[in-house]
Amino acid sequence: PSTCEYTFNKNQRPEGIEQHRVQLDSKARRMPPHAPSTRTFIASRTVVQLVANCRTRRCLSSFSSDKSGPDDGIWRVSSFTPKIPSKGEEFGMSILPKNILILRHGQSMGNADETLYATTPDWKVSLSERGRRQARDAGRRMQQLINPSQNILYYVSPYLRTKETLEEIQSQISNPTLFVREEPRLREQDFGNFQDPELIQAAKLERPKFGRFFFRFPNGESGADVFDRVSAFSGTFLQDIQQISRVIGEHKAANTTAILVTHGITGRLFVMRWLHWSVDDFEKLHNPPNCGLLLMKRTPDGNAYELSDESRDLIKAPRFDRDSGYVGSGLKLGELLKTQHPLSRKDRDAFD
C-alpha cells in the first residue's frame, strides 16, 4: 500500500504485551471489493504475527518495522509484503465444513414390525437386511457428493440401527476419517421405555392435531425437547471444528465434510436449528424415508449453510428469499443486516 503504519499508546497497552494498530491503505493490491477504505488490525511486534481473524491473515504475509523520529510511541513500517490468495482460495474462507450430510438410518426391524418395541428397547433395535442394503446405497451416493481430497467427520447416534448404518456407509466411502464421535444428543425422540403399540398409535394420531413440535409422548419427549439437545450439540460441533482447524490448519478444516447418522425428526430439527426455521416451518416438513439424505452446503461467503434443492424436495421444506441471508422465518433481520449480502461470483473471481 502507499501508506502503512502501526501505532500504540504506551500508557494503555497491557502489562508485558506490546500491541500495535496497523492501518492499511485501501490501495493495497487486490484488496477485496467489500473492504472498507481503511482497515485496522491488531498485531504483536515481538512475534510479528497478526492475531486478528482469518481474513486478516490472508491479507498479510509479513511485515517488519523500525523506530524513527522522536519518542512518540509510533513505529513506522520499513517493509511490507501483501499476501495474494492462490487460485481457488476464497477471501475470508470459513473453517466450517464445506458440506454437512444428514442421514436417517436404514430400515430397522422396528420399522418393519412396530410391535417389536414392546419387547425390545428402542436403542437396541437393529437394521433389517433391507436397511443394510439401503445404507450401502447411501454410502455410494455420499461418495459421489464428496470430493476425494476431503476429510470426513462422522457423528452417530448411539442407537444400534444408526451405528449399523454407519458401518455400512463407511464400507462405501474411501475418504480419510478425521474422527467418529458417538453423540447421544443425536438419538431418536424418546417415546417411553417398552412401548405399548396401542398407546403409541393413539398418540401418533393425536400428535398432528396438537402440533408435532410441542406434542409430548406419554413418558417420552416432545419435538421441542429434541430441538434443545440438538442445539446443545451444535455448540460441541463448532468447538470440534475449531479444534480441528488448529491441528490440521484452516484450509484443510474448510475442506471437510461432516456426516451425521441420526433419526428422522432429529435430522429435521438439526436443519431447523441451523437454518433458523420457525416452528410453523417445521410443522410443514415431512419425515425423510429410511436412508433419506439431506445435504447442507456452505454458502459462498462461508458464514452459513443452505439446503440443496433435492433435500428441500425430500422433506417438503419451505423456500426463502436468499437476499434475506439464507435464513428462515424464525429469524427476522433488520434492514442493516439485510444489506450485508454474500459475496457475488464476480467478487470471488477477483481472487482467482
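The structure this text deals with has already been given above.
Right, let's walk through the structure included here. Given the structure is predicted, the values throughout are model-derived calculations rather than measurements.

Quick look at helix H8 (residues 264-275)
Because each turn of an α-helix spans 3.6 residues, side chains separated by three or four positions in sequence point in the same direction. Its 12 residues place the ends of H8 17 Å apart at the C-alpha level, agreeing with the 16 Å of an ideal helix rising 1.5 Å per residue. Where burial is concerned, most of H8 is hidden: 11 out of the 12 residues are buried. On its buried face, H8 sits against strand S7 (99-104), helix H6 (223-248), strand S10 (256-262), helix H9 (279-283), strand S11 (293-298) and strand S12 (305-307). At the C-terminal side of H8, histidine 276 shows a positive phi close to 60°.

Looking at the nonpolar core
One finds Ile100, Phe270, Trp277, Met296 and Leu307 to be the most contacted residues of the largest nonpolar core, which totals 34 residues. Within the residue set of this core, elements represented by two or more residues are S7, strand S8 (151-156), H6, S10, H8, S11 and S12. Considering every element that reaches this core, the biggest residue donor is H6, with 8 residues. Residues contacting leucine 307, with those up to four places away along its chain left out, are Val271, Leu275, Trp277, Leu294, Leu295, Met296, Arg312, Ile315 and Ala317. Grouped together as the second largest cluster of nonpolar side chains are 17 residues, Ile146, Ile169, Cys291 and Leu295 included.

Some remarks on the pairing of S7
Taken across its 6 residues, S7 has 6 buried, putting it largely inside the fold. Where burial is concerned, the two faces of S7 agree: the one with Asn99, Leu101 and Leu103 and the one with Ile100, Ile102 and Arg104 are both buried.

Description of the side chain of serine 234
With respect to the helices and strands, serine 234 occurs in helix H6. With relative accessibility at 3%, the residue serine 234 sits in the buried group. With sequence-adjacent residues up to four places away left out, serine 234 is seen in contact with Phe270, Arg273 and Trp274.

Overview of unusual backbone geometry
Positive phi outside glycine occurs at histidine 276, with the angle close to 60°. Among the secondary structure elements, histidine 276 is positioned in the loop between H8 and H9. At cysteine 291, a position not held by glycine, the phi torsion is positive, near 60°. Tracing the sequence through the fold places cysteine 291 in the loop between H9 and S11.

Reading the values: the criteria
Residues numbered from 1 in each chain as written. Predicted model: local features only at pLDDT ≥ 70, side-chain atom pairs only at ≥ 80, totals over all residues. Heavy atoms only, no water. Helix = DSSP H or I, 4+ residues; strand = E, 2+ residues; numbered from the N terminus. Expected span 1.5 Å × (residues − 1). Buried < 20%, exposed > 50% of the residue type's maximum accessible area, 1.4 Å probe, protein only. Contact = heavy atoms within 4.5 Å. Core = buried A, V, L, I, M, F, W, Y, C linked by side-chain atoms within 4.5 Å.

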